[in-house]
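Chain by chain, the residues run as shown.
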Amino acid sequence: MNIALVQHAHPSSPSAAVDRGARAVRAAADAGADLVVFPELSFTPFYPRVPITERDQSALDLAEPVPGPTTEALAEAAADRGVVVVFNLMERDGDRTFDTSPVLDADGTLLGRTRMMHITEYEHFHEQGYYAPGDTGAPVYDTAAGRIGVAVCYDRHYPEYLRALALQDADLVVVPQAGTVGEWPDGMYEAELRTAALQHGFFTALANRTGPEGDMPFAGRSFVTDPFGEVLTQAPGAEETILHASVDLARTAEAPARQLFLRHRRPDQYERGAVALASDRTD
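To keep things clear, this report deals only with the structure shown in the data block.

Analysis parameters
Residues numbered from 1 in each chain as written. Predicted model: local features only at pLDDT ≥ 70, side-chain atom pairs only at ≥ 80, totals over all residues. Heavy atoms only, no water. Pairing = 2+ DSSP bridges. Helix = DSSP H or I, 4+ residues; strand = E, 2+ residues; numbered from the N terminus. Core = buried A, V, L, I, M, F, W, Y, C linked by side-chain atoms within 4.5 Å. Buried < 20%, exposed > 50% of the residue type's maximum accessible area, 1.4 Å probe, protein only. Contact = heavy atoms within 4.5 Å. Salt bridge = Lys/Arg side-chain N within 4 Å of Asp/Glu carboxyl O. Axes fitted to C-alpha atoms, helices over the stretch in contact; angles between N-to-C directions. Parallel < 35°, antiparallel > 145°, perpendicular 65-115°, else oblique. Left-handed = near helix turned anticlockwise from the far one by under 90°. Nonpolar A, V, L, I, M, F, W, Y, C, P; charged D, E, K, R; others polar. Expected span 1.5 Å × (residues − 1). Arc of directions from axis to C-beta.

**Brief notes about the pairing of strand β14 (residues 231-234)**
At step 1: As paired strands, strand β13 (residues 223-225) and β14 are joined by three bridges and run antiparallel to one another. Its bridge partner lying in β14, V224 is registered against T233.
At step 2: If you look at the hairpin formed by β13 and β14, you'll find five residues sitting between the two strands, and G229 has a positive phi there, around 90°.

As structure tokens, this is what we get:
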């Protein structure tokens, strides 16, 4: 699989940003990508940096449905170049809004959407005023590029969530991210996903925002790890770029997690120890 992580800064115009994103999909595919991944809130400002009570617009006013204009524009680009695309937006569904990553197959088909399950609330990340907790579980998608799971930003902190993706044989977990400089100790973004990759036996690919937005300096440094916990490639920090990485998905079969850790699990001893798998859901 050839992965392209689009590391872009805050857009001056959301409509222009979607057009730019569609061009990035085509450019990445022309450079050999099978999969293109965008950061969290791919084509809009990072709304939650301001409490919703301080905005003139409601969360519903800021959101759009899926499918909707952004999904359709990215689906057209995906189909035009035969590439899988994962992006992120604030989704409106009835009277609720979600932090959502639609997954588009290489023919432009909307395979589904992953809604962020765990919603945080702390300085600059006032997300509980914007998002309802996700209700899609932890799906893994059979795409033209491979079996892909999505952990939207904050969900990456939860081993239960990542384990659910591993138990469904995800080859790769992509992380649309909005992480800032100094938010966590230096190297923690990488350390967290290196450990997750080793423990669960999948590749990971984190696509982060870059550049300043108000008083939030987004950190960039998008990266890809292998299922042995090694960082394969990483983008610079304060620079817009498309980071390319070529990975051999067959290597997951050799990973310690698949050779050892997952085989030696004791689920008979676990009490509700992971997010419900799609096959277990009854709703």
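**With respect to the nonpolar core**
Nonpolar side chains tend toward joint burial in soluble globular proteins.
At step 1: Ranked by size, the top nonpolar core spans 43 residues in total, and within it M1, I3, L5, L35, M90, L172 and V174 carry the most contacts.
At step 2: A per-element tally of this core places strand β10 (residues 203-208) first, with three residues.
At step 3: Leaving out residues up to four positions away in the same chain, L35 has contacts with M1, N2, I3, A4, V83, V84, V86, A145, I148, L172 and V174.

**What about the pattern of salt bridges?**
Side chains carrying opposite charge are able to pair once their charged atoms draw close together.
At step 1: Taken as a whole and assessed by the stated rule, the structure comprises 16 salt bridges.
At step 2: Here E91 makes a salt bridge to R113, at a shortest N to O gap of 2.7 Å. A residue pair is termed long-range when its members are at least 10 positions apart, and E91 in strand β4 (residues 89-93) and R113 in strand β6 (residues 110-115) qualify at 22 residues.
At step 3: Across the pair D93 and R115 runs a salt bridge, and its minimum N-O distance is 2.8 Å.

**Brief notes about the packing of helix α1 (residues 14-30) against helix α3 (residues 69-81)**
At step 1: It is at 9 Å that the axes of α1 and α3 come closest, and there the two elements cross at 20°. Put simply, α1 runs roughly parallel to α3. In the packing of α1 onto α3, the handedness of the crossing is right-handed. On α3, the residues touching V18, G21, A22, V25, R26, A29 and D30 of α1 are T70, A73, L74, E76, A77, A78, D80 and R81.
At step 2: Across the contact of α1 with α3, the residue classes tally to eight nonpolar, two polar and five charged.

**Quick word on α3**
At step 1: The terminal C-alpha atoms of α3 lie 19 Å apart, and with 13 residues this matches the ideal 18 Å at 1.5 Å per residue to within 8%.
At step 2: When we look at burial in α3, the residues that qualify are T70, T71, L74, A75, A77 and A78. Angularly, the buried residues of α3 cover 165° about the axis, an arc narrow enough to put them on a single face. Away from its buried face, by an angle of more than 90 degrees, α3 presents the exposed residues P69, E72 and E76.
At step 3: Where α3 is buried, its residues touch α1, β3 (84-86), β4, β5 (96-104) and β6.

That is the geometry; function is a separate question.
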